[in-house]
Amino acid sequence: MRSFLEFAASRPTDRAPAPGDATALARGLEDWTRLAEESAEADTDLGRHMRAALDEPSARLWLEAIFGNSPFLTRTALLEPATVAATMRRGPDDSFAEILAGLNAQDGSQPRAAVMQFLRRSKRRASLVAAMADLAGHWPLDGVTKALSDLAETSLRLAMRHLLRQMHATGGITLPNPDDPERDCGVVVLGMGKLGAHELNYSSDIDLIILFEAEKIVTPDIDRLQQLMTRLARDIVQMMEERTADGYVFRTDLRLRPDPGSMPPAVAMEAAETYYASVGQNWERAALIKARPVAGDGAAAQAFLRELTPFIWRKHLDFAAIRDILSIKRQIDARHGGDGDIAGHNVKLGHGGIREIEFFVQTQQLIWGGRVPALRGNRTLDMLRVLAEQQRIAPEIAEDLARAYVFLREIEHRLQMIEDLQTHSLPETEEAMQRFAIFMGFAGRAEFEAALREVFTVVRGHFGQLVTRSKPLSAEGNLVFTGFENDPETLKTLERLGFRDARLVAETVRAWHHGRIRATRSEQARALLTELVPTLLRVLGQTASPDYAFARFDEFLSHLPAGVQMLSLLQAKPELLGLMAEIMGEAPGLATYLSRKPSLLYGVLTGDFFKPLGVNPDRVELGFDLDAALAHARDFEDVLDLTRRWVADRKFQIGVQLMQGHLTADHAARHYSALGDVAISTLLPPVAEQMATQHGVIADGRFVVLGLGKLGSQEMTAQSDLDLVFVYDAPPDAEASDGPKPLPPSAYYARFGQRLINALTAITSEGKLYEVDMALRPSGASGPIASSLEAF
């Protein structure tokens, strides 16, 4: 039995594959013969050519390969016998070129229905010619994929010409060159993936990014430009993929655009450039390797891609990108990895498949492409050759992978030719596999499966060298948040960890990675987040309500002004994640408090944070501690900020110890109340100093703050306000204070009290210290702020 490598080197290319389904072959030949007779009766050349195809040996082989292997090609050939006959006479090169020329000749001025019909009929004929060239071995793989890519590009350009003319005619935009709508129009269509690399599959969809240069487009209503461009993008998709009586052109996918979850179908170039520069992902860098202009304003497209060069091609050796790119592959493995069976194996996404070869090449390109411009090409086979020439991989590895790639892509094309489905999976039954092996040119299933196993082993072996360099996903299972779709195995892992709404968790984590919150807009912050996420999800999953705890952590992360410092702390001190999970899951009030003041977490690192606070707080010691915190205050604003920070840190400490059972609720209330006492006592002297500077003092005057309510009874909570009453006593003969702006005692102490209230309640950069309630003073809410001792 021949090996794959022997077969690939020696397989004949001068004949089509034998028919695998005798029944289908007989039915197809019968239908062809009937059509030929009907045409002959009309005395047409077509009937004569159709009958001749049955008698001429090489032409009949073509018909048998079609009728005996592909129901889709059979239906198409019977719909387009003239295309079959012309291709047999003139060859596929001329036939295909004629179809493309017909598309290029259309100016797009016809009605929408006529343009769509022409596109679909042209696609039907072109796909038939490409299949015939492929089956006969007339075109190698590169020829087939390039022809299909040229067809997609030419179709897109006709659709774009039509839509631009229509927008110009209705006054939505004014084209600079109405007779050549695409030139300088400001709208760009980038082909991505296999379309961008001229590697399109036989029944592939096309991946597009649609952009527009707002400054270049002339429109009477600039505020509606985004709406117009969104409509244009949707119309392109509709013209390409809507199924009519004539079929469809190409299924179209816009999900490779920047942040597809939040950006519209057509993206402003400036927004796209900002996105890639700030939060672009490594997988997007890999995708953009294959990007090229396929329709619209070619000059604007080239300028845009030049702007992205620093993003795609890093000057430093980018080994870190390997893990991100391979995480996509591991995500795919979760769905399509396979267990060693050939039947049903996915030749694109499964182990040893096409995607492993593509990822092998792309990771090497991302690593070395910044320094080696020759590695910036977008075609897989070309880059394998260059990698060998540049001595980045061994020549034998490049040869192995190139042969495997061609073979697997041919399999992919044959699979899709059968019923024009975007499938990559081998047949599952023995009978279907036998027929498919014949369609591939093998004697039978056994020889075909042996060749396949060798290919998978070779590819998996070379790709495995990359996989072993990357870290495992996580000890918990798959936790992959790369790309724009939820990984099914990741959702299962999240459910195992305890999350009920696994999809929401996955989408939120992916939003973090897309920089939709301030904390993750830097590349360093996202790298740190990638390392932390598995541990974070595990500890949150251990709480009583994982979904609630996750939502509180998202709130915490969203309030961070920047993420690097905090995420670096969590990475350096992983035990903090456990504490955070406990807070987020078990203490809603504390979680909200922490989300509003994330810096509180730094206080946990102090040596005495977890030291038991005891039953009765020591107000003297607390006062010394606050005085020490204020020792370096430069002015009164510093005093206010530092006092707020100190009280917040202490409240957080009390809350954590209460949550962990080190304090009872009664004991915690005493500590909260002591904080209020100390804060008031500490702020009184600087407030008095301010009063003295402006108004002097009242000789022998006295001022006292009475705590009522929960402060008075020492029953405060973390959210309690301060119920206060101010009482003063001045000598009977005191008429006014002795400062530059003297005040009588009643006014002096009222202003003193108001300044103390302001010191407690003013919102500074550190927030508010306490709310103050004066409603319990003798005169109620409408009387003087400070009462004399006699009046009180």
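This one's a predicted model, so the numbers in the text were calculated from it and none came from an experiment. (Residues numbered from 1 in each chain as written. Predicted model: local features only at pLDDT ≥ 70, side-chain atom pairs only at ≥ 80, totals over all residues. Heavy atoms only, no water.)

Undergrad: Looking at this model, I keep getting lost on the pattern of salt bridges. Mind explaining?
TA: Opposite charge on two side chains lets them pair, provided their charged atoms get close. As enumerated under the stated definition, the model contains 41 salt bridges in all. Linking E153 and R292 is a salt bridge whose minimum nitrogen-to-oxygen distance equals 2.8 Å. One end of the pair, E153, is in helix α9 (residues 141-169); the other, R292, is in strand β5 (residues 292-296), and 139 residues separate them in sequence. Considered together, E153 and R292 belong to a single accessibility category, that of buried residues. The closest approach of N and O atoms between R516 and D259, which form a salt bridge, is 2.1 Å. (Salt bridge = Lys/Arg side-chain N within 4 Å of Asp/Glu carboxyl O. Helix = DSSP H or I, 4+ residues; strand = E, 2+ residues; numbered from the N terminus. Buried < 20%, exposed > 50% of the residue type's maximum accessible area, 1.4 Å probe, protein only.)

Undergrad: Just checking my understanding: could you explain α9 for this structure?
TA: An α-helix turns once per 3.6 residues; consequently, residues spaced three or four apart project the same way. For α9, which comprises 29 residues, the first-to-last C-alpha distance of 42 Å matches the rise-based estimate of 42 Å (1.5 Å per residue) to within 8%. Within two residues after α9, G171 carries a phi angle of roughly 85°, on the positive side. (Expected span 1.5 Å × (residues − 1).)

Undergrad: Whenever I open this one, the environment of L200 confuses me. Can you help?
TA: Along the polypeptide, L200 turns up in the loop between α10 (193-196) and β2 (206-212). Once the C-alpha coordinates of L200 and A718 are considered, the two residues, 518 residues apart in sequence, prove to be 63 Å apart. With residues near it in sequence (within four places) discarded, L200 still touches T145, L148, S149, A152, K194, L195, D205, I206, F250, R409 and H413. (Contact = heavy atoms within 4.5 Å.)

Undergrad: What is the right way to look at the pairing of strand β1 (residues 187-192) in this model?
TA: In the case of a regular strand, side chains alternate between the two sheet surfaces. In terms of burial, β1 is largely enclosed, as six of its six residues are buried. Burial of the side chains of β1 extends over both faces: V187, V189 and G191 are buried on one face and V188, L190 and M192 on the other. In the sheet, β1 pairs with β2 via six bridges, with the strands oriented antiparallel. Residue pairing in the sheet places V188 in a bridge with L211 of β2. In this sheet, β5 lies alongside β1 in antiparallel orientation, the contact comprising four bridges. Paired with V188 across the strands is G296, a residue of β5. (Pairing = 2+ DSSP bridges.)

Undergrad: I would appreciate a short explanation of the pairing of β2 in the present structure.
TA: Judged by how many residues are buried, β2 sits mostly within the fold: seven of seven residues are covered. Every second residue of β2 is oriented toward a common face, with I206, L208, I210 and F212 on one face and D207, I209 and L211 on the other, all of them buried. Pairing of β2 with strand β3 (residues 252-253), which is carried by two bridges, proceeds in the parallel orientation. Among the inter-strand pairings, D207 is bridged to a residue of β3, identified as D253. Direction of pairing for β2 relative to strand β4 (residues 266-268): parallel, over a ladder of three bridges. By the bridge assignment for β4, F212 is matched with A268.

Undergrad: When you look at the side chain of D235 in this model, what are you seeing that I'm missing?
TA: Inspection of the secondary structure assignment puts D235 in helix α11 (residues 225-241). Every residue in contact with D235, bar those within four places of it in the chain, is listed here: R112 and L163.

Undergrad: Mind showing me how you'd approach the environment of G352 here?
TA: With respect to the helices, strands and loops of the structure, G352 is situated in the loop between α16 (320-336) and α17 (354-368). Once you skip the residues sitting within four places of it in the chain, G352 turns out to touch L408, V455, F456, V459 and R460.

Undergrad: How should I be thinking about the packing of aromatic side chains in this particular structure?
TA: Each aromatic ring pair is summarised here by two numbers: the centre-to-centre distance and the angle between the ring planes. Counted according to the given criterion, the structure contains 17 aromatic pairs. Here F436 and F448 contribute two aromatic rings whose centre-to-centre distance is 5.7 Å and whose plane-to-plane angle is 65°, an arrangement assigned as edge-to-face. Here the residue F436 occupies a position in helix α20 (residues 430-439), and F448 occupies one in helix α21 (residues 445-467), the gap between them amounting to 12 residues. Of the residues examined, F436 reaches a relative accessible area of 2% and is grouped as buried. Between F499 and F550, the ring centres sit 6.2 Å apart and the planes meet at 80°, which makes this aromatic pair edge-to-face. Here F550 lies in helix α25 (residues 546-559) and F499 lies in the loop between α22 (488-497) and α23 (502-513), a separation of 51 residues in the sequence. The exposure class of F499 is buried, given its relative accessible area of 2%. Since its relative accessible area comes to 4%, F550 is described here as buried. By the ring-pair criterion, three or more aromatic residues cluster together here, those being F703, F726, Y728, Y748, Y749 and F752. (Phe/Tyr/Trp six-rings, centres within 6.5 Å; stacked < 30°, edge-to-face > 60°.)

Undergrad: Sorry, what's going on with unusual backbone geometry here?
TA: For residues besides glycine, phi is generally negative; the peptide bonds are generally trans as well. Positioned with a positive phi, D700 is a non-glycine residue whose angle comes to about 65°. With respect to the helices and strands, the residue D700 is situated in the loop between α32 (665-695) and β6 (702-708). Non-glycine residue Q714 carries a positive phi angle of around 60°. Judged by its relative accessible area of 33%, Q714 is partly exposed.

Undergrad: Help me out: how do you make sense of the packing of α32 against helix α34 (residues 745-761) in this one?
TA: Each packed pair of helices is defined by two parameters, the angle between the axes and the distance between the axes. Their axes nearest at 9 Å, the elements α32 and α34 cross at an angle of 130°. Judged by the inter-axis angle, α32 sits oblique to α34. Note that α32 runs across α34; the crossing there is right-handed. Here α32 contributes I680, L683, L684, V687, A688, Q690, M691, A692, Q694 and H695 to the contact with α34, which in turn contributes Y748, R751, F752, R755, L756, A759 and L760. The residue makeup of the contact of α32 with α34, split by class, is 12 nonpolar, three polar and two charged. (Axes fitted to C-alpha atoms, helices over the stretch in contact; angles between N-to-C directions. Parallel < 35°, antiparallel > 145°, perpendicular 65-115°, else oblique. Left-handed = near helix turned anticlockwise from the far one by under 90°. Nonpolar A, V, L, I, M, F, W, Y, C, P; charged D, E, K, R; others polar.)

Undergrad: Honestly, the nonpolar core in this entry has me stumped. Any pointers?
TA: Grouped burial of nonpolar side chains is what soluble globular proteins tend to show. M229, I236, I411, L426 and F448 are the most contacted members of the largest nonpolar core, which has 121 residues in total. No other element matches the 13 residues that α9 contributes to this core. Not counting the four nearest positions on each side in its chain, M229 is found in contact with M167, V187, F212, I217 and A266. Formed by 50 residues, the second largest nonpolar core is a distinct cluster that contains L497, V509, A587 and A648. (Core = buried A, V, L, I, M, F, W, Y, C linked by side-chain atoms within 4.5 Å.)

Undergrad: Teacher, can you tell me more about helix α24 (residues 523-541) here?
TA: Spanning 19 residues, α24 covers 27 Å between terminal C-alpha atoms, matching the ideal 27 Å at 1.5 Å per step. At L532, α24 is bent by approximately 45°, the largest bend along its length, and proline P534 sits one to four residues beyond. For α24, every residue scored as buried is listed here: A525, R526, L528, L529, L532, V533, P534, L536, L537, V539, L540 and G541. (Bend = angle between axes of the 7 residues up to and from the residue.)

Undergrad: Honestly, the confidence of the model for the protein in this entry has me stumped. Any pointers?
TA: The predicted coordinates ought not to be read in detail in places where the model reports low pLDDT. Looking at the protein as a whole, its pLDDT mean stands at 88, while 93% of the residues score no less than 70. Within the model, pLDDT remains below 50 along residues 1-14, and this stretch shows 25 contacts once partners closer than five positions in the same chain are excluded. For residues 469-473, every residue scores under 50 in pLDDT, and the model assigns this stretch 13 contacts once sequence neighbours within four places are set aside. (pLDDT = per-residue confidence, 0-100.)

Undergrad: When you look at the packing of helix α2 (residues 22-41) against helix α4 (residues 57-67) in this model, what are you seeing that I'm missing?
TA: As a packed pair, α2 and α4 sit with axes 8 Å apart at the nearest point and diverge in direction by 125°. When the axis of α2 is compared with that of α4, the two are oblique. Of the two possible hands of crossing, α2 and α4 adopt the one that is right-handed. Facing A24, L25, G28, L29 and W32 of α2, the residues of α4 in contact are R60, L63, E64 and F67.

Undergrad: Just checking my understanding: could you explain the environment of H198 for this structure?
TA: When you line up the elements, H198 lands in the loop between α10 and β2. On a C-alpha basis, the gap between H198 and K290 in space is 9.0 Å, while along the polypeptide they are 92 residues apart. Setting aside residues up to four positions removed in sequence, H198 forms contacts with T145, K146, S149, D150, E153, R292 and R379. Among the polar contacts made by the side chain of H198, one reaches the side chain of D150 at a distance of 3.5 Å. (Polar contact = N/O pair within 3.5 Å; in protein donor to acceptor, adjacent residues only side chain to side chain.)

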